[in-house]
Structure formats: C-alpha cells, structure tokens
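Structural overview
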Amino acid sequence: SHAPRPAAPREVRLVSRPVGWPTHDDFELVASEVPELAEGQVRVRNVVMSVDPYMRGRMSAATSYAAPYELGEAMQGGAVGVVEESRADGITVGDHVLHGLGWREVAVLDGSAVRVVDVTAAPASAYLGILGMTGLTAYAGLTRVAALQEGDTVFVSGAAGAVGGAVGQVARALGASRVIGSAGTPEKVRHVVEDLGFDAAFNYKDGPVSAQLREAAPDGIDVYFDNVGGEHLEAAIGSLRLHGRVAVCGMISVYNDTEPAPGPRNLARLIQTRGRIEGFLVGDHYDLAREYAGKAAGWLADGTISLRETSVDGIEHAVDAFLGVLRGENTGKMVVGL
Ligand code: NDP
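Residues numbered from 1 in each chain as written. Predicted model: local features only at pLDDT ≥ 70, side-chain atom pairs only at ≥ 80, totals over all residues. Heavy atoms only, no water.

A few words now on the overall build of the protein chain. Looking only at helices and strands, the protein chain has nine helices and 15 strands in total. Relative to the 2.2 N^0.38 estimate, which gives 20 Å for 338 residues, the radius of gyration of the protein chain is 21 Å and therefore close to what a compact globule would have. With the C-alpha coordinates of the protein chain rotated into their principal frame, the extents come out at 75 × 45 × 35 Å. A burial count over the protein chain gives 50% of its 338 residues as buried. In the protein chain, the share of contacts with a sequence separation of at least 24, taken over all contacts with a separation of at least 6, comes to 66%. As displayed, the protein chain has an accessible area near 15400 Å², and 51% of this comes from carbon and sulfur atoms. (Helix = DSSP H or I, 4+ residues; strand = E, 2+ residues; numbered from the N terminus. Rg over C-alpha atoms; globule rule 2.2 N^0.38 Å. Buried < 20%, exposed > 50% of the residue type's maximum accessible area, 1.4 Å probe, protein only. Contact = heavy atoms within 4.5 Å. Areas by Shrake-Rupley, 256 points an atom, 1.4 Å probe, with all protein chains shown as cover.)

Dropping the structure here:
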C-alpha cells in the first residue's frame, strides 16, 4: 500500500553573480516546485543537459548576448528529456524532446517550446552537440561568416572542444584543403589529428601561438574560426592571406576577466590582406538548421564527422561540469547525464 515516493526533483539556482571565476558558492542545488500542468503543457524528466561557455555571460548582470540569469531561480540551458505527462497536442508520453530548461531534473514547458527528437537515430546528447546548436554554430560560422571556399586553409582554436572539433571536420567535408587546430593539452592535440583528421595541431601552452601557427601553416591561412580570442586572434591576423576571413565565434580566454583585455596589435594587416573580421551569433542562423541537419546526419552516418563528448553524471555535478568547460577539462561536447 506504500508505493515508494520518488525523490523530489532538484534544480541548480544561481544565488550570487560571480566576479571573475565562478565558484560553488555562487550556486545552490535545491528541490524544485513542479506545478500541475496547464492545458497545452508537458512535464519532462530531463535525461541530459548542456553546459556551455556562454552561460558564464548570463551569470553576470550586464546583458551579454543572452539575458542574465535571475538570482534565486533555476538557470536555463539546452536539455533533452522524456515526456512524463502531456496536455499538448502532438506530444506523447515517452517522446524525447529538446528544450531550453536544463539545470533541473524535471521541467514543465509549453508544447510549443519543445521539439521531439529521434533518439533511435542518434543519442539524446547529440542534439545538444553535433546535431544541435554546436554543430550549427560550426556550419553557419564556416559557410556564412567565413564564406569558406574549396581549397581554403582553415585554422580553428579550441579545436578539441565541441564547436572547434565540429569546425575542423565540417571544414574538411566542405572542401578545405588544410585544417589546423590548437588546443591546451598533448592528448587533445593527438585527438584532433588522429581522431578528427586535422592535418596539423599544436598545444598553445607550448610556446607563442604566432610561431606555432607559422610552422603549421607556412603559407598562411584563409580562414580563422576564433573560439578563444586574445593571443590566438593576433596570431591568426598575422598569418592571414589575401582576402582572409576571421569568424569570431567566441573569446573564452576573456570570459572571466574583470578588466577589458587588450586587442590585437596588428589590425593594420587587414589593409594589405583586404582581410575581414566578423562576429556572429548562431541564433541568427537557424534558417540553416534544416539544411545542416540533413548534411550532418549524412556525415555522421558515413563517418565524415565523429561524435566525441565528455559526460558527467548527476545534477549534483553540473556546476563542476560547467567549471570544467571553462578550465578545459572536456574533449568534445561537455554534457551532464541526469
Ligand atoms: P568547448 O567545448 O570548446 O569548451 C571550451 C574550451 O575552451 C575548453 O575545453 C578549453 O580547451 C578552451 N579554453 C578555455 N580557456 C581557454 C584559454 N584561455 N585559451 C584557449 N582556450 C581555452 O566549448 P564550446 O564548443 O561550447 O564553445 C567554444 C566557443 O564558442 C566558446 O568561446 C563559446 O562561447 C563559443 N560559442 C559561440 C556561439 C555563438 O553563437 N557565437 C555558439 C556556441 C559557442 P583547452 O584545453 O584547449 O584550453
């Protein structure tokens, strides 16, 4: 007569705004209040959630490119879960859905805020990475922002990370002649070359980026896909060829800075190279999502791109997983299994 009561679902709240590097004291793991469903809503038990560098920006009060997280409330982010109860048309109990209410074990959302995904075609976590926002970031940045041409030499930083690994593999699939990456450990450098098929890679902690890049790309680069900013950006400008393009995707090297960081000292090279530097947000390129999803499915199936992720289990370790991304503890997409 006493059915076991399921443990109350939990969520991670932001309780103070970090200055510099976030710490555990900035977060709290607490029981969620899960409301009854209104007409049109679904209740989802999350199975995997994303932790991403952009979330650091949302922890600060100043609006980055996404609205700040509210203090004392659960944070948000990409997640995939199983529908436990549905009052929404077209969504059935047992469906796997992609949505934006991660950082909690159970989420209640409008049916219009979730998308059913096929977890027989790919693991649920792939929809947070290579088949989702991460992959589209690589594709849009390369095709639209960097205007990738066949035969280009492409350099990408953060090459062993989620976006960077996708950039190298997608660039190759789209006809780049030479793909070079940088990453922060010898294992990552090996992974990028041996598992992801980059032509060359180097550890940016081994010496000046400019010298290492010149060695890897003696004839220069046509495209730089920037994930880190700082010294990397200056080095890439220094190696830019005629009509070179820089797609500025991220600058993780400055996300925890408390003072503005100096910019590249060699911008004048853009004149002789007729070079172009352009920032972008994946959110502006969702019109490419269907085109990309079709190509990515094919590339995954035929092995052109491979799936690599680092996975941490349990919502009680989600903050560690997030901090781990900022510290470089991940190879491929960092996800948290719930
Ligand atoms: P990653 O999986 O690449 O993880 C971040 C990586 O950054 C770490 O693994 C670490 O690897 C590297 N890193 C950390 N600090 C530094 C540093 N000081 N210098 C160089 N590398 C560093 O994360 P994502 O793939 O999710 O994101 C990559 C970048 O793309 C981020 O800058 C992110 O903000 C940006 N982004 C932008 C989007 C947009 O719409 N513009 C959308 C999605 C992501 P290592 O061991 O090599 O140092």
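What follows is about the site of the ligand. Around the ligand lies a shell of 25 residues, among which Lys188, Tyr204, Tyr255, Val282 and Asn330 are the nearest. Contact between the ligand and Asn227: an oxygen atom at 2.9 Å from a main-chain N or O atom of the residue. One of the side-chain nitrogen or oxygen atoms of Tyr255 is found 2.7 Å away from an oxygen atom of the ligand. Protein coverage of the free-state accessible area of the ligand, which is 910 Å², stands at 91%. Only helix H2 (133-145), helix H3 (162-173) and helix H9 (318-327) provide two or more residues apiece to the shell around the ligand. Tallied by class, the residues present in the shell around the ligand amount to 16 nonpolar, eight polar and one charged. Residue assignment places the shell around the ligand across two domains, with domain 1 (10-127 + 309-337) and domain 2 (133-283) each supplying three or more. (Near = heavy atom within 4 Å. Polar contact = N/O pair within 3.5 Å; in protein donor to acceptor, adjacent residues only side chain to side chain. Nonpolar A, V, L, I, M, F, W, Y, C, P; charged D, E, K, R; others polar. Domains from an automatic or database assignment.)

It is worth spelling out the side chain of Ser182 at this point. Mapped onto the elements, Ser182 comes out in strand S9 (residues 178-183). Of note is the side chain of Ser182, whose polar atom sits 2.8 Å from the side chain of His232. Ignoring anything within four residues of it in the chain, the contact list for Ser182 reads Phe155, Val156, Ser157, Gly158, Ala159, Phe202 and His232.

Of all five residues making up strand S15 (residues 333-337), five are buried, and the element is well covered by its neighbours. Both faces of S15 are covered, namely the face carrying Lys333, Val335 and Gly337 and the face carrying Met334 and Val336. Where strand S3 (residues 41-50) and S15 come together, three bridges link them in antiparallel fashion. By the bridge assignment for S15, Met49 is matched with Val336. When strand S14 (residues 309-313) meets S15, the two strands line up parallel, connected through five bridges. Among the inter-strand pairings, Glu309 is bridged to a residue of S15, identified as Lys333. (Pairing = 2+ DSSP bridges.)

Glancing now at the domain arrangement of the protein chain. Per the domain assignment, the segments making up the protein chain are domain 1 (10-127 + 309-337) and domain 2 (133-283). The distance between the C-alpha centroids of domain 1 and domain 2 comes to 29 Å. Summing both partners gives a buried area of about 1100 Å² for domain 1 against domain 2, and 62% of it is carried by carbon and sulfur. Elements represented by at least two residues in the side of domain 1 that touches domain 2 include exactly helix H1 (54-58) and H9. Classifying every residue of the side of domain 1 that touches domain 2 gives nine nonpolar, five polar and three charged. (Buried area = accessible area lost by both parts, 1.4 Å probe.)

Another point: the nonpolar core. Residues Val80 and Phe225 are the most contacted members of the largest nonpolar core, which totals 45 residues. Elements represented by at least two residues in this core include exactly H2, strand S8 (153-156), H3, S9, strand S11 (221-226) and helix H8 (289-301). Per element, the largest residue contribution to this core is six residues, and it comes from H2. Inspection of this core shows a minimum of three residues originating in each of domain 1 (10-127 + 309-337) and domain 2 (133-283). Apart from residues no more than four positions distant in its own chain, Val80 is found in contact with Asn46, Val47, Val48, His96, Val97, Leu98, Val117, Ala124, Tyr127 and Leu128. Counting 21 residues, the second largest nonpolar core, distinct from the first, contains Met49, Ile315, Phe322 and Met334. (Core = buried A, V, L, I, M, F, W, Y, C linked by side-chain atoms within 4.5 Å.)

Orientation of H2 relative to H3, taken along the N-to-C sense of each, is 50 degrees, at an axis distance of 8 Å. In terms of axis orientation, H2 runs oblique to H3. Crossing geometry of H2 relative to H3 is assigned as right-handed. Residues Thr134, Thr137, Ala138, Tyr139 and Leu142 of H2 pack against Ala162, Val163, Ala166, Val167, Val170 and Ala171 of H3. (Axes fitted to C-alpha atoms, helices over the stretch in contact; angles between N-to-C directions. Parallel < 35°, antiparallel > 145°, perpendicular 65-115°, else oblique. Left-handed = near helix turned anticlockwise from the far one by under 90°.)

Once that is clear, we can look at unusual backbone geometry. You will see that Trp103, though not glycine, has its phi angle at about 65 degrees, which is positive. For Trp103, the location among the structural elements is in the loop between strand S5 (96-99) and strand S6 (106-110). Positive phi, normally seen in glycine, also occurs at Arg274, with a value near 50 degrees. Mapped onto the fold, Arg274 is located in the loop between helix H7 (269-273) and strand S13 (276-279). Under the relative-accessibility criterion, Arg274 is labelled exposed at 54%.

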